[in-house]
Amino acid sequence: MNIQIKGLGIICAIGNDAPSVLASLKAKKSGVGPMQYLQSKHNELPVGEVKLSDDEMKKMLGVEPDAIISRTTLMGAISLRQAVEDAKLDLTGKRVAVISGTTVGGMDITERYFQQMKEDNTLLSILEKHDCGASTRDIADLAGLKDAEVITISTACSSAVNSIILGSEMLNAGEVDVVFAGGAEGLSKFHLNGFNTLMILDQEQCRPFDKTRAGLNLGEGAAFVALEKNLNPQPSTLNPFIGGYGNRCDAFHQTASSEDGEGAYLAMTDALEMAGLNPEDIQYINAHGTGTPNNDPSESAAIRRVFGDKQPYVSSTKGFTGHTTSASGSIETVISILAMQNDFVPASYGWKEQDEACITPSLGEENVKLDNVICNSFGFGGNDSSLIISKKHKGDLPETLNSFAQNIREISSNVIDDLEQLKDFKEFISPMEARRMGKLMKAATLTSMRALKEAGIECPDAIITATANGMLEFTEKFLEDIDANGEELLKPTLFMQSTHNTLGSAIAIRTKCHGYNITYSQGADSFEIAMRDAERLIKTGKANNVLVGYHDESTPLFQSFAERLGKPVPPMIYSKSVVLTKE
Amino acid sequence: MEELILQLKNQIIEALNLEEMEPEEIETDAPLFGNGLGLDSIDALELIVLLEKNYGIKLKNPAEGKEIFKSVACIAEYVQQNRTK
């Protein structure tokens, strides 16, 4: 693999650029602390905030102070701009893609004005900046990449690593010349309260892998890497290579990891195999290590399964940054690159006491040569991804794309475009399952299961989901819940069904599919991006059959917003699933 | 106690969206999780919200719910001993 990291940018709780992040890591100085910028009732919860106000970030970007821009977009643009400057690539005439991971998107702004938007037409433009895809478009534009293609991935907390994986695949296939891949996520009351309903937020500084760990601290930030194919690669510490990667699904539960860490195990194993490396070739693992009672033993089990008694240094850097959710994958990839460039192992900040169920993390090492590191990133729904960064390239991948002339065929398809059609849900969904499902989940389940049945496939090789707005119904209900109950006594069921990747992971759980699983959210382009990915998977031989779904819903309130904006009114439900195979 | 048990069953049906169930279909002593009614960890979180909302009982750690939520009878007993409203 000769895809090289040509530059990077980062902003998070421990620094507004790479040098300051590096200094904080070396000084073992955490950025988690009392809430300064987020306006939440739950200010007892420590958070890893970027130490800049919205206004300060706007000033850095040269944006008008009264412009309404989400923190996700502001932080994304700052770090993307750094990556562009650091890479110093001549982009003239080049095909450039910006791939970003986010789940929250413009939520911090939406939640601030949600009630007012019901009355005030002048605030409705906020809605157009709410979705994930719009945020990425703005990030690219603000960073001076107006001509770049943009793609947004929304697989919750593994989103940003999946961006880097997709970027590598697109470069390898010759679809683009330069990719800026990463993720951005600003803190919002919405997801702080959401994680709080799941009772996985620690009231104190988080302690990943520690026996006394009691949950995670939410953080925020953004990071991007510049990727380019190098036709004459030489080993490089300054500009390491993408060694390999794996994207798998735990297919176990919407919000919990399996005890044996199956998804994580498969992701790491795939990455090693792709990189042509043995476990003993890895010197450092930047663990997902959130500090929740559930994640850490599950990830430890997976690491023990892969590495046995040859365990490399492992640390979670979330004690420094907080859990930056959709951005964590690229923030931790950049931290791993900084570690490699500067010959050290970042500490697993906060760890003191051994838990038998967990690995023993490193408290920091100096003067260690890191030739190959793994960065783990796992998300809700079991969207588990692992990425290997290497000083040496491993040779070209077979030019499968050019040599494959095979055709791809759609062998089955199913559509639901009317709420009436949902009454047949009992065909595949039991009442116990249905009680928790919104209409979009029912529709997606029905069209997916029918398309698979028609194709004669029980478990597809891969599941790819496209959605412009995701789980609108439950998102809206949770927003109303927050406002009506003043951030108290909220319903976890609403939050757990509000992330975009809920759909794809629910289908994976239902079909026991541990294969590749991804969710795209790029407005009207989402389905086309998903189909391109499915074709890429089949043409590169990574899958023989792929389930692709496009699912979107509306609500009476959302429809009224569209009407008042003079835009086409979105249908209450649209779900289409197709199964693709090679000819 | 009988009254509290019936009230709890109705509240459980509402909180967990068990629309098609009647209170008498939930056996008072049968396990709610696993092989019984088949509830899971998210339901346990909903039950924690239910206890706080209706009875002023605050559980700090979801693990505490394990014993309390064994059956409706267990919940009723716990509520009777610990309710603040």
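Owing to the predicted nature of the structure, the values given are computational and were not obtained by experimental measurement. (Residues numbered from 1 in each chain as written. Chains lettered and ligands numbered in written order. Predicted model: local features only at pLDDT ≥ 70, side-chain atom pairs only at ≥ 80, totals over all residues. Heavy atoms only, no water.)

## A word on the overall build of chain B
Along its length, chain B carries 4 helices and 0 strands. Along chain B, helices and strands appear, N-terminal first, in the series α-α-α-α. Here the C-alpha atoms of chain B give a radius of gyration of 12 Å, agreeing with the 12 Å that 2.2 N^0.38 yields for 85 residues. Its C-alpha atoms put chain B at 30 × 25 × 20 Å along the principal axes. Taking contacts inside chain B between residues at least 6 apart in sequence as the whole, the part at least 24 apart equals 57%. Of the roughly 4,800 Å² of accessible surface on chain B, a fraction of 46% belongs to carbon and sulfur atoms. Charge centroids of chain B, computed over 8 positive and 17 negative side chains, lie 11 Å from each other. (Helix = DSSP H or I, 4+ residues; strand = E, 2+ residues; numbered from the N terminus. Rg over C-alpha atoms; globule rule 2.2 N^0.38 Å. Contact = heavy atoms within 4.5 Å. Areas by Shrake-Rupley, 256 points an atom, 1.4 Å probe, with all protein chains shown as cover. Lys, Arg positive; Asp, Glu negative; His and termini not counted. Charge placed at Lys NZ, Arg CZ, Asp CG, Glu CD.)

## A few points about the side chain of Ser298(A)
The residue Ser298(A) is located in helix H9 (residues 295-307) in this model. Assessed through its relative accessible area of 6%, Ser298(A) is described here as buried. (Buried < 20%, exposed > 50% of the residue type's maximum accessible area, 1.4 Å probe, protein only.)

## Here's the deal with the domain arrangement of chain A
Residues and elements named next belong to chain A. You can read the domains of chain A as domain 1 (3-397) and domain 2 (400-582). Look at where the C-alpha atoms of domain 1 and domain 2 centre, and you get two points 24 Å apart. Taken together, the contacts link 57 residues of domain 1 with 52 residues of domain 2. When domain 1 packs against domain 2, close to 4,600 Å² is buried across both sides, 60% of that on carbon and sulfur atoms. It is Phe114, Phe190 and Gln254 in domain 1 that bury the most area against domain 2; as a group they hold 14% of the surface buried on that side. (Domains from an automatic or database assignment. Buried area = accessible area lost by both parts, 1.4 Å probe.)

## Focus: the environment of Thr475(A)
All names here are of chain A. As for its position among the elements, Thr475 is in helix H15 (residues 472-485). Thr475 sits 20 residues away from Phe495 along the chain, and the two C-alpha atoms are 7.2 Å apart. Among residues more than four places away in sequence, those in contact with Thr475 are Met107, Phe190 and Ser498. Of note is the side chain of Thr475, whose polar atom sits 2.7 Å from the backbone oxygen of Met471. (Polar contact = N/O pair within 3.5 Å; in protein donor to acceptor, adjacent residues only side chain to side chain.)

## Remarks on the confidence of the model for chain B
Of all residues in chain B, 100% have pLDDT values of 70 or greater, and the mean over the chain is 93. Across the assembled chains, the prediction reports ipTM 0.94 with pTM 0.97. (pLDDT = per-residue confidence, 0-100.)

## Side note on the state of the cysteines
Residue and element names in this part refer to chain A. Across all of its chains, the model carries 0 disulfides over all chains by this definition. Left without a disulfide partner, Cys249 is nearest to the cysteine sulfur of Cys513, which lies 7.0 Å away. A relative accessible area of 0% means that Cys249 is categorised as buried. (Disulfide = S-S within 2.5 Å.)

## Comments concerning the pattern of salt bridges
Taken as a whole, this structure holds 40 salt bridges over all chains when the rule is applied. Lys426(A) is the partner of Glu20(B) in a salt bridge, and the nearest nitrogen-oxygen pair spans 3.6 Å. In this pair, Glu20(B) is assigned in the loop between helix H1 (2-15) and helix H2 (41-55) and Lys426(A) in the loop between strand E13 (408-416) and helix H13 (431-434), connecting two distinct chains. A single burial state applies to Glu20(B) and to Lys426(A), both of which are exposed. The salt bridge involving Glu52(B) is made with Lys58(B); its shortest N-O contact spans 3.6 Å. Judged by relative accessible area, Glu52(B) falls into the partly exposed class, the value being 22%. Residues joined in a network through salt bridges with shared partners are Glu149(A), Glu175(A), Arg532(A), Asp533(A) and Arg536(A). (Salt bridge = Lys/Arg side-chain N within 4 Å of Asp/Glu carboxyl O.)

## Comments concerning the interface of chain B and chain A
If you look at the interface, chain B gives 22 residues, while chain A gives 16 residues. Contact between chain B and chain A buries roughly 1,600 Å² in total, counting both sides, with carbon and sulfur atoms accounting for 56%. Across the pair Arg436(A) and Asp40(B) runs a salt bridge, and its minimum N-O distance is 2.7 Å. Grouping the amino acids of the side of chain B that touches chain A by side-chain chemistry returns 11 nonpolar, 4 polar and 7 charged. (Nonpolar A, V, L, I, M, F, W, Y, C, P; charged D, E, K, R; others polar.)

## Remarks on the environment of Gly329(A)
All names here are of chain A. Within the secondary structure layout, Gly329 lies in helix H11 (residues 328-341). The sequence separation of Gly329 and Asn162 amounts to 167 residues, and the corresponding C-alpha distance is 8.0 Å. Beyond its immediate chain neighbours, meaning those up to four positions away, Gly329 contacts Ala160, Val161, Cys375 and Ser377.

## Some details on the pairing of strand E6 (residues 241-249) of chain A
Residues and elements named next belong to chain A. Burial analysis of E6 places 8 of its 9 residues in the buried class, which makes it a mostly covered element. Relative to strand E12 (residues 383-390), E6 runs antiparallel, the two being bridged by 8 bridges. Bridging from a neighbouring strand, Tyr245 pairs with Leu387 of E12. (Pairing = 2+ DSSP bridges.)

## Here's the deal with unusual backbone geometry
Residues and elements named next belong to chain A. Of note, Lys28 is a non-glycine position whose phi angle comes to about 55°, a positive value. With respect to the helices, strands and loops of the structure, Lys28 is situated in the loop between helix H1 (18-27) and helix H2 (54-61). Phi angles above zero are rare outside glycine, and Glu487 is one such case at about 65°. Its place among the elements puts Glu487 in the loop between H15 and helix H16 (492-496).

## Some points on the packing of helix H4 (residues 107-117) of chain A against H15(A)
All names here are of chain A. Relative to each other, H4 and H15 sit at 60°, their axes nearing to 11 Å. It follows that H4 is oblique to H15 by the angle criterion. The handedness of the crossing between H4 and H15 comes out as right-handed. Contacts between H4 and H15 involve Met107, Glu111, Phe114 and Gln115 from the first element and Thr475, Glu476, Leu479, Glu480 and Asp483 from the second. Grouping the constituent residues of the contact of H4 with H15 by class yields 3 nonpolar, 2 polar and 4 charged. (Axes fitted to C-alpha atoms, helices over the stretch in contact; angles between N-to-C directions. Parallel < 35°, antiparallel > 145°, perpendicular 65-115°, else oblique. Left-handed = near helix turned anticlockwise from the far one by under 90°.)

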